[in-house]
Amino acid sequence: MKVLVTGGMGYIGSHTCVQMIKANMEPIIIDNLCNSKLMVLDRIEALTGVRPTFYQGDVRDEAFLDKVFSEHDIQAVIHFAGLKAVGESVSKPLEYYDNNVNGSLVLVRAMRKAGVKSIVFSSSATVYGDPEVVPITESSPVGATTNPYGRSKYMVEECFSDFYKAQPDWSITLLRYFNPVGAHPSGTMGEDPQGIPNNLMPFIAQVAVGRREKLSVFGDDYSTPDGTGVRDYIHVMDLADGHIAALNAVGQKEGLHIYNLGTGNGSSVLEMVEAFGEACGKPVSYEICPRRPGDIAECWASTAKAEKDLGWKATRTIAEMTADTWNWQSKNPEGYK
């Protein structure tokens, strides 16, 4: 199966491409490299023995997309391409709406012209906002988002839902990720954010490897066991496998399919700091800072629907997530250089 993978050079996209190749799928990657590196292609090839077809371009460029679709018999799309930093989205909302919302609409328009009617969308648990009840199920309320990043994901979900009502012969799958962490167990691929990391795990890793002085823990006065935010952290390899399970189970079935991808368990920031200290063999320096705008107290998934429909379940532990992250960061202290 030939699958167009937008943002396929990024953190989640690249790991998914590795797993796709191992599952005898053929990823066709497009990426504008605004938050990723060309070297990723070499790492994918080294791990799989296959160098995927790669096009450098933007999902907002409809003529570019038309060209890619015309050159390959693509059967489905996995749409990762998007900006993803909560804090940055608060200061750059227009850029987030343009890239994430407009880019998704241009992509689906190009798909429609090409006759490709299957898309798996990289959504987010942020669409649930600040949940009243955890664990969060797929039928929990959505839309009360707390930042432009989350709103952009919610807007795309709404656009795709409306489009499905008009085009019921499509397969549209919305995968709501919780918190992806970890790296390929080989240590050759992992998360390499540009500039100051916006997510917890890469920041912890950069502190541990000596690139940064200490971690800022935003808030210790939440109504959680230790006062720090609680999240459902999922290993990026489990997340990658979830996309393949979705393509296999529902990618060719007409319908609007919605799934949480998480572990079903919550861990606090300080628990993750302690686990990482055990993985790297030394304590990770941190300081408590005021809460960030847009952050919520706790958020973790109910994964029963994905287990039932997709036959998929996250299996990797917090110890594996932190050990694989440290393996990547210690072997690549400057990321992809």
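Residues numbered from 1 in each chain as written. Predicted model: local features only at pLDDT ≥ 70, side-chain atom pairs only at ≥ 80, totals over all residues. Heavy atoms only, no water.

Topic: the domain arrangement of the chain
Okay, step 1: When its domains are assigned, the chain resolves into domain 1 (2-182 + 233-262 + 306-315) and domain 2 (184-230 + 265-301 + 319-331).
Okay, step 2: Taking only C-alpha atoms into account, the centre of domain 1 sits 24 Å from that of domain 2.
Okay, step 3: Counting from both sides, the interface comprises 33 residues of domain 1 and, opposite them, 28 residues of domain 2.
Okay, step 4: Each partner contributes to the roughly 2700 Å² buried at the junction of domain 1 and domain 2, and carbon and sulfur atoms together form 64% of this total.
Okay, step 5: Summed over the three residues of domain 1 that lose the most area to domain 2, namely L47, Y233 and H235, the buried surface amounts to 23% of that side.
Okay, step 6: At the junction of domain 1 with domain 2, the criterion picks out two salt bridges.
Okay, step 7: The partner of E191 in a salt bridge is K84, and the shortest N-O contact between them spans 3.6 Å.
Okay, step 8: Our count for the domain 1 to domain 2 interface comes out at six residue pairs in polar contact (both at pLDDT 80 or more).
Okay, step 9: When contributions to the side of domain 1 that touches domain 2 are tallied by element, the ones reaching two or more residues are α1 (11-22), α2 (39-48) and β10 (233-235).
Okay, step 10: When residues of the side of domain 1 that touches domain 2 are assigned to their parent elements, the largest contribution, five residues, is made by α1.
Okay, step 11: In the side of domain 1 that touches domain 2, the residues fall into 16 nonpolar, twelve polar and five charged. (Domains from an automatic or database assignment. Contact = heavy atoms within 4.5 Å. Buried area = accessible area lost by both parts, 1.4 Å probe. Salt bridge = Lys/Arg side-chain N within 4 Å of Asp/Glu carboxyl O. Polar contact = N/O pair within 3.5 Å; in protein donor to acceptor, adjacent residues only side chain to side chain. Helix = DSSP H or I, 4+ residues; strand = E, 2+ residues; numbered from the N terminus. Nonpolar A, V, L, I, M, F, W, Y, C, P; charged D, E, K, R; others polar.)

A few points about helix α3 (residues 62-71)
Okay, step 1: Within the span of α3, buried status applies to F64, L65, V68 and F69. Down the axis, α3 shows its buried residues gathered within 130° of arc, on one side only. Exposed and oriented more than 90 degrees from the buried face of α3 are A63 and S70.
Okay, step 2: If you check the start of α3, you find a side-chain oxygen 3.3 Å away from the backbone N of A63, and it comes from D61. (Buried < 20%, exposed > 50% of the residue type's maximum accessible area, 1.4 Å probe, protein only. Arc of directions from axis to C-beta.)

Comments concerning the layout of surface pockets
To locate leftover empty space, one rolls a probe as large as a water molecule over the atoms.
Okay, step 1: The computed volume of the second largest pocket comes to approximately 170 Å³.
Okay, step 2: Around the second largest pocket sit Y128, G129, D130, P131, E132, V133, S140, P141, V142, G143 and A144, which together line it.
Okay, step 3: A per-class count over the lining of the second largest pocket returns six nonpolar, three polar and two charged. (1 Å grid on protein atoms, 1.4 Å probe; cavity = no way out; pocket = protein on both sides within 12 Å on 5 of 7 lines; lining within 4 Å. Points joined across faces, edges and corners; volume = space filled by probe spheres on them.)

A look at unusual backbone geometry
Okay, step 1: That bond from V134 to P135 is cis: its omega, 0°, falls within 30 degrees of zero.
Okay, step 2: Turning to its location among the elements, P135 is positioned in the loop between β5 (118-124) and α6 (148-166).
Okay, step 3: The backbone phi angle of N24 is positive, close to 65°, even though this residue is not glycine.
Okay, step 4: Secondary-structure assignment places N24 in the loop between α1 and β2 (26-31).
Okay, step 5: N24 gets classed as exposed once you look at its relative accessible area, which sits at 67%.
Okay, step 6: Of note in the backbone geometry, L33 takes a positive phi value of approximately 60° without being a glycine.
Okay, step 7: As for its position among the elements, L33 is in the loop between β2 and α2.
Okay, step 8: Residue classification places L33 among the buried positions, given a relative accessible area of 18%.

Structural notes on the sheet that holds β5
Okay, step 1: The strand order across the open sheet formed by seven strands is β3-β2-β1-β4-β5-β6-β11, and the pairing between neighbours is parallel. Two strands bound the open sheet, and with one partner strand each, they are β3 (53-56) and β11 (255-261). The average angle at which neighbouring strand axes cross in this sheet is 20°, direction not considered.
Okay, step 2: Here five bridges tie strand β1 (residues 2-6) to β2, and the two strands are oriented parallel to one another. Note on β2: the bridge partner recorded for T6 is I30.
Okay, step 3: Most of the contacts of α1 go to β2, to which it runs at about 165°, and overall it touches β1, β2, β4 (76-79) and β6 (171-177).
Okay, step 4: Packing of α3 onto the sheet brings it into contact with β1, β2, β3 and β4, and relative to β3 it is tilted by some 165°. (Pairing = 2+ DSSP bridges. Axes fitted to C-alpha atoms, helices over the stretch in contact; angles between N-to-C directions.)

Concerning the environment of D221
Okay, step 1: In this structure, D221 sits in the loop between β8 (215-218) and β9 (230-231).
Okay, step 2: Expressed as a C-alpha distance, the spacing of D221 and A297, which sit 76 residues apart in the sequence, is 9.2 Å.
Okay, step 3: Sequence-distant contacts of D221, that is, excluding residues within four places in its chain, are made with G227 and R291.

Side note on the pairing of β4
Okay, step 1: A two-sided burial pattern is seen for β4, the buried positions comprising A76 and I78 on one face and V77 and H79 on the other.
Okay, step 2: Bridge count for β1 against β4 is four bridges, and the pairing is parallel. By the bridge assignment, T6 is partnered in β4 with H79.
Okay, step 3: Strand direction decides the pairing type here: β4 and β5, joined by three bridges, are parallel. Across the sheet, residue H79 finds its bridge partner in β5, namely F121.

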